[in-house]
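Listed below, chain by chain, are the residues.
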Amino acid sequence: MAMPISCSAFRRTALVLALVAGGLPAFAQESTNQSANQSATQIASNQPAGEVVLIPSRVIYPGETIELAALKQVTLIPGKHKPDAMATRAEELQGKIAKRTLLPGRYIPTAAIREAWLVEQGAAVQVFFIAGGLTISATAVTLQPGSAGDLIKVRNSDSGKILSGTVMADGTIQVSAS
């Protein structure tokens, strides 16, 4: 004879399975009619309404650019706070690239997103060495992709020598004396 499982034990088990299987769920309610929901939440709980965050509305695959159309705005349940190291604002997410699969209804860890590559692997780039008034430029081929500020390796097209340099905002590489 099967024993009935209490509702709270079932919910607790389901929550543990969800946390283990897919990361942290966002404890939230959708913000479709935000002003009505906010005032109803404030009246019902006598607390200020929860924080508004963005979470995926569909599966976002690795290598895919995150667009605002793929996200939905939700209001966290009052008393709940987003965990640390989670990206939940438009300026943190717009135009970034997913490093791993992002599931709908889950927070987006900051470790799961990256900046878009400014230079791709195998691209021909200008390399600059600047020391005081001396500027030396050369053409090189990137050996790895990188975004602005990343330290990457490049191969000088003329000498074949491998150099390390910093990707600049304009897509050039600046090397320093080593």
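This report concerns the structure included in the present document. Every value quoted in this text rests on a predicted model; they were computed, and no experiment measured them.

**Regarding the sheet that holds strand β12 (residues 173–175)**
Point 1. The strand order around the closed barrel formed by five strands is β8-β9-β10-β11-β12, and the pairing between neighbours is mixed. Mean inter-strand twist for the sheet, computed between neighbouring axes without regard to direction, equals 50 degrees.
Point 2. In this structure, strand β8 (residues 124–131) lies alongside β12, joined through three bridges in parallel fashion. From the neighbouring strand, Phe 128 faces β12, where its bridge partner is Gln 174.

**Here we look at the environment of Ser 159**
Point 1. Note that Ser 159 resides in the loop between β10 (151–156) and β11 (162–167).
Point 2. The spatial distance from the C-alpha of Ser 159 to the C-alpha of Ala 140 is 9.6 Å, given a sequence separation of 19 residues.
Point 3. There is a polar contact of 3.2 Å between the side chain of Ser 159 and the backbone nitrogen of Lys 161.

**So, the environment of Ala 116**
Point 1. In this fold, Ala 116 is placed in the loop between β7 (113–114) and β8.
Point 2. The exposure class assigned to Ala 116 is partly exposed, which follows from its relative accessible area of 36%.
Point 3. For the pair formed by Ala 116 and Thr 65, sequence separation is 51 residues and the distance between their alpha carbons is 8.0 Å.
Point 4. Apart from the residues within four sequence positions on either side, Ala 116 is in contact with Gly 95, Ile 97 and Ser 147.

**Let's talk about the pairing of β10**
Point 1. Of the two faces of β10, only the one carrying Ile 152, Val 154 and Asn 156 is buried; Leu 151, Lys 153 and Arg 155 on the other face are not.
Point 2. Pairing of strand β9 (residues 134–142) with β10 involves three bridges; the strand directions are antiparallel. The residue bridging Thr 142 from the neighbouring strand is Val 154, located in β10.
Point 3. Connecting β10 to the next strand, β11, in antiparallel fashion are five residues, including Gly 160 with a positive phi near 80 degrees.

**Structural notes on unusual backbone geometry**
Point 1. Within the chain, Ala 85 stands out as a residue other than glycine whose phi angle is a positive 60 degrees.
Point 2. Looking at the secondary structure, you find Ala 85 in the loop between β3 (71–76) and β4 (86–87).

**Brief notes about the pattern of salt bridges**
Point 1. This model, assessed by the stated rule, comprises four salt bridges.
Point 2. We note a salt bridge from Glu 64 to Arg 58, for which the minimum N-O separation is 2.7 Å.
Point 3. On the accessibility criterion, Glu 64 (22% relative accessible area) is partly exposed.
Point 4. The residue Glu 91 makes a salt bridge to Arg 89 at a minimum N-O spacing of 2.6 Å.
Point 5. Taken together, the shared-partner salt bridges in this structure form one network comprising Arg 89, Glu 91 and Glu 92.

**What to know about the pairing of strand β2 (residues 52–56)**
Point 1. Counting buried residues along β2, four of its five residues qualify, which places the element largely inside the surrounding structure.
Point 2. When β2 meets β3, the two strands line up antiparallel, connected through five bridges. The partner of Ile 55 across the bridge, within β3, is Lys 72.

**As for the packing of aromatic side chains**
Point 1. In total, this model carries zero aromatic pairs according to the counting rule given.
Point 2. It is Arg 114 that lies over the ring of Trp 117; its NZ or CZ is 4.0 Å from the centre.

Criteria and thresholds
Residues numbered from 1 in each chain as written. Predicted model: local features only at pLDDT ≥ 70, side-chain atom pairs only at ≥ 80, totals over all residues. Heavy atoms only, no water. Pairing = 2+ DSSP bridges. Helix = DSSP H or I, 4+ residues; strand = E, 2+ residues; numbered from the N terminus. Axes fitted to C-alpha atoms, helices over the stretch in contact; angles between N-to-C directions. Polar contact = N/O pair within 3.5 Å; in protein donor to acceptor, adjacent residues only side chain to side chain. Buried < 20%, exposed > 50% of the residue type's maximum accessible area, 1.4 Å probe, protein only. Contact = heavy atoms within 4.5 Å. Salt bridge = Lys/Arg side-chain N within 4 Å of Asp/Glu carboxyl O. Phe/Tyr/Trp six-rings, centres within 6.5 Å; stacked < 30°, edge-to-face > 60°. Lys NZ or Arg CZ within 6 Å of the ring centre and 35° of its normal.

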